[in-house]
Amino acid sequence: MFTVFLVEDEPLIRQNMRNALENGDEPYICAGEAGDGELALTIIQDVKPDILITDIKMPFMDGLTLARHAKAIIPWLRVIIVSGYDDFDLARQAIGIGVDQYILKPVANKDLFAALRAAGEKITEHKRQSVTFLKNLSNEEMIRNALLGTFLEQLCSGEIGPDEALRRAEELSVNLLSKYYTVAVARCEENGGLPNRQAIASKVKYLLVDSTDVLFYISGMDLIVLIVKGSFEIDATERAYHSTQTLKHELEGDLSLKLTIGISTVVNRISAIRDAWHEACILLKTFGHAHRGRIFCAGDLGRADTPVAASLDEIFNTDVAERLKFATPRDVPGIVEEFTKNLDCNEMQGILNRYYVLMDLTAAAMRIIRDFNPSIDNSGLSGQFVERDQVFSSAVSVRECAELATKICLKFIELRDSGNNCHHRKLVHKACAYIRENYNSPDISLNTVASYVSLSPTHFSTIFAQEMSETFIDYLTGVRMEKVKELLVSTDEKIVSIAFSVGYNEPNYLSYLFKKREGLSPKEYRSQKSPVRDKT
């Protein structure tokens, strides 16, 4: 089954195409529609259809511009242009941006379905080629791929420095230089055994072969590592989310895998790629189970706003916040050993050092907990750890100091994990409240709500769908439909008035959505719920 999105500013033409899809026996379903390219683009980013059918001449954004932006968002998208102009130059431009079919109005059903079949065949062929892509490479290309994979793995692990990295990149004809970098690590899981590494590598290579901003390698049997470049910090993060969403769509759909993906914070130098890779790996290791099947980054999980007290870093020669933030119970003995190895003396100065270490460790843990779980009761948080008297008594010996430090670390992990979804949830709840307050605006869109919660559209679309188990547009439509049902039962308003009051400029589109969701037309619903009222 292929999902189709319709964009046409003439409601009657759009309705005829929609009816043809709905009533036909072919494997195409209408995933959504819009009356102009600008509105369509914000919905397409959320719906991610297989095929786009768009008029070429529309207000706000024409079909060619829409097609170019949509294909940048959804690389697998197939585009069919519908036009009333038999214009060679327009057709040439359409071919230049990767449009698959160009058909003229008035659109006969046979022409529409012929174009859809051709697009469907290209999608099927794309899936077939992506799985067998590596088989068609020459020996020289295969060797280069192997060398590139080894180089990138050494770069991420820190085995080579910036100078060596740039030299090796030049030898392999790879442009490594960028202002910013982020690293994404994806774990692939398959039910009943290990995933097919060859099929994964072939598909990833096929998807990213033309991308100059994403470098990748396959690590072991089940990890995909992406190094994403960007001119700005937000650019690198946005590309990372875009690339990993594409991977999830293709690998989960075609290879029956489940991908869990951790994305690092952004770094601004080649030597820091190692740190970004390490952070992404730790994210996946620490939170991968709780976020299985999701895409997430360090910023989604919360970040300490204030540094850990200097005394900790000076004594341990390490970044305690980073060690603690992503720790697992298995890591605790090593962390505690690091904390206590320089405190082995019984003099009063040693006791004071151990006291300050335990107090600072508790303070660091509490700061991070508040960032991971902002809704936690601050007044009771300190009581979750230890009292000051207990800290001082445990500072008398290294052994007791280590025991208490272990308890603090384990309690921190317990509290952190109980709230590690809170940051996402808080943003999504804020977005939902905004939608419920502004659903009646025809201008509300994925982009406007993403801006309201200070996230990029791609990032927001991802976390909204993961937290709500439905897309942004499905949620918005659901809110509007509930209001429509309320108005149908409680008022005598005509459908056209109800449509405008819930944010739809076209009553026919409201009727289509309502029947699609409820199985009844608005008129039928009103007759069933309020038999005495039927004035629409």
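None of these values were measured; they are calculated from a predicted model. (Residues numbered from 1 in each chain as written. Predicted model: local features only at pLDDT ≥ 70, side-chain atom pairs only at ≥ 80, totals over all residues. Heavy atoms only, no water.)

(A) Main features of helix α25 (residues 522-529). All buried positions along α25 are accounted for by P522, Y525 and R526. End-on, the buried residues of α25 take up no more than an arc of 95 degrees, which puts them together on one face. (Buried < 20%, exposed > 50% of the residue type's maximum accessible area, 1.4 Å probe, protein only. Helix = DSSP H or I, 4+ residues; strand = E, 2+ residues; numbered from the N terminus. Arc of directions from axis to C-beta.)

(B) Quick look at the packing of aromatic side chains. This structure, assessed with the given rule, holds ten aromatic pairs. Relative to F113, the ring of Y28 lies with its centre 6.3 Å away and its plane at 40 degrees, an arrangement referred to as tilted. Here F113 lies in helix α5 (residues 109-132) and Y28 lies in strand β2 (residues 28-34), a separation of 85 residues in the sequence. Since its relative accessible area comes to 5%, Y28 is described here as buried. (Phe/Tyr/Trp six-rings, centres within 6.5 Å; stacked < 30°, edge-to-face > 60°.)

(C) Broad picture of the packing of α5 against helix α8 (residues 197-208). For the pair α5 and α8, interaxial distance at closest approach is 6 Å and the crossing angle is 120 degrees. The angle between α5 and α8 falls in the class oblique. Seen from α5, the contacting residues are H126, K127, Q129, S130, V131 and T132; seen from α8, they are A199, S202, K203, Y206 and L207. Here the contact of α5 with α8 is composed, by residue class, of four nonpolar, five polar and two charged. (Axes fitted to C-alpha atoms, helices over the stretch in contact; angles between N-to-C directions. Parallel < 35°, antiparallel > 145°, perpendicular 65-115°, else oblique. Contact = heavy atoms within 4.5 Å. Nonpolar A, V, L, I, M, F, W, Y, C, P; charged D, E, K, R; others polar.)

(D) Structural detail: the pattern of salt bridges. The full count for this structure, using the stated rule, is 26 salt bridges. Its salt-bridge partner being R78, residue D100 comes within 3.1 Å of it at the nearest N-O pair. Taken together, the positions of D100 in the loop between α4 (88-96) and β5 (101-104) and R78 in strand β4 (residues 78-83) put the pair 22 residues apart, joining distant regions of the chain. The exposure class assigned to D100 is buried, which follows from its relative accessible area of 13%. On the basis of relative accessibility, which here comes to 19%, the residue R78 falls in the buried class. E482 is the salt-bridge partner of K485, the closest N and O atoms lying 2.9 Å from each other. Of this pair, K485 and E482 are both found in helix α22 (residues 472-490), three residues apart, which corresponds to roughly one turn of the helix. Exposure remark for K485: the relative accessible area of 14% places this residue in the buried category. Owing to a relative accessible area of 47%, E482 belongs among the partly exposed residues under this scheme. Through salt bridges with shared partners, a single ionic network connects E8, E10, D55 and K105. (Salt bridge = Lys/Arg side-chain N within 4 Å of Asp/Glu carboxyl O.)

(E) Looking closely at the sheet that holds β4. Spatially, five strands are ordered β2-β1-β3-β4-β5 in an open sheet, and the strand pairing comes out parallel. The sheet is open, and its two borders are formed by β2 and β5, each paired with just one other strand. The mean inter-strand angle of the sheet, taken between neighbouring strand axes irrespective of direction, is 20 degrees. One ladder, built from four bridges, connects strand β1 (residues 2-7) with strand β3 (residues 51-55); its direction is parallel. The partner of V4 across the bridge, within β3, is I51. Packed onto the sheet, α5 meets β1, β2, β3, β4 and β5 and runs at close to 160 degrees relative to β4. (Pairing = 2+ DSSP bridges.)

(F) Layout of the sheet that holds strand β8 (residues 223-230). Taken together, the five strands give an open sheet; going across it, the order is β7-β8-β6-β9-β10, and neighbouring strands pair in mixed fashion. Of all the strands in the sheet, just β7 (214-219) and β10 (295-297) have a single pairing partner and so form its edges. Between one strand axis and the next, the sheet turns through 20 degrees on average, direction left out of account. Here strand β6 (residues 180-189) pairs with β8 via eight bridges, running antiparallel. Bridge pairing links V185 to V225 in β8. Lying on the sheet, α8 is in contact with β6, β7 and β8; it crosses β7 at an angle near 180 degrees. Most of the contacts of helix α9 (residues 233-254) go to β8, to which it runs at about 145 degrees, and overall it touches β6, β7, β8, β9 (258-263) and β10.

(G) Seen up close, the side chain of K203. Here K203 shows up in helix α8. Here K203 falls in the buried class, since its relative accessible area comes to 0%. When sequence neighbours within four positions are dropped, the list of residues in contact with K203 reads K127, S130, V131, E250, L251, D254 and L255.

(H) Layout of the environment of H289. Within the secondary structure, H289 sits in the loop between α10 (273-287) and β10. A sequence separation of 29 residues divides H289 from T260, and the C-alpha atoms of the two residues are 8.6 Å apart.

(I) Representation of the side chain of S264 within the structure. Along the chain, the position of S264 falls in the loop between β9 and α10. Once residues within four sequence positions are removed from consideration, S264 is found in contact with T182, V183, A276, E279 and A280.

(J) View of the environment of M58. By the secondary structure assignment, M58 is in the loop between β3 and α3 (63-73). With 51 residues separating them along the chain, M58 and V7 place their C-alpha atoms 9.0 Å apart. Residues in contact with M58, not counting those within four places in the same chain, are V7, E8, D9, G35, D36, G37, G63 and L66.

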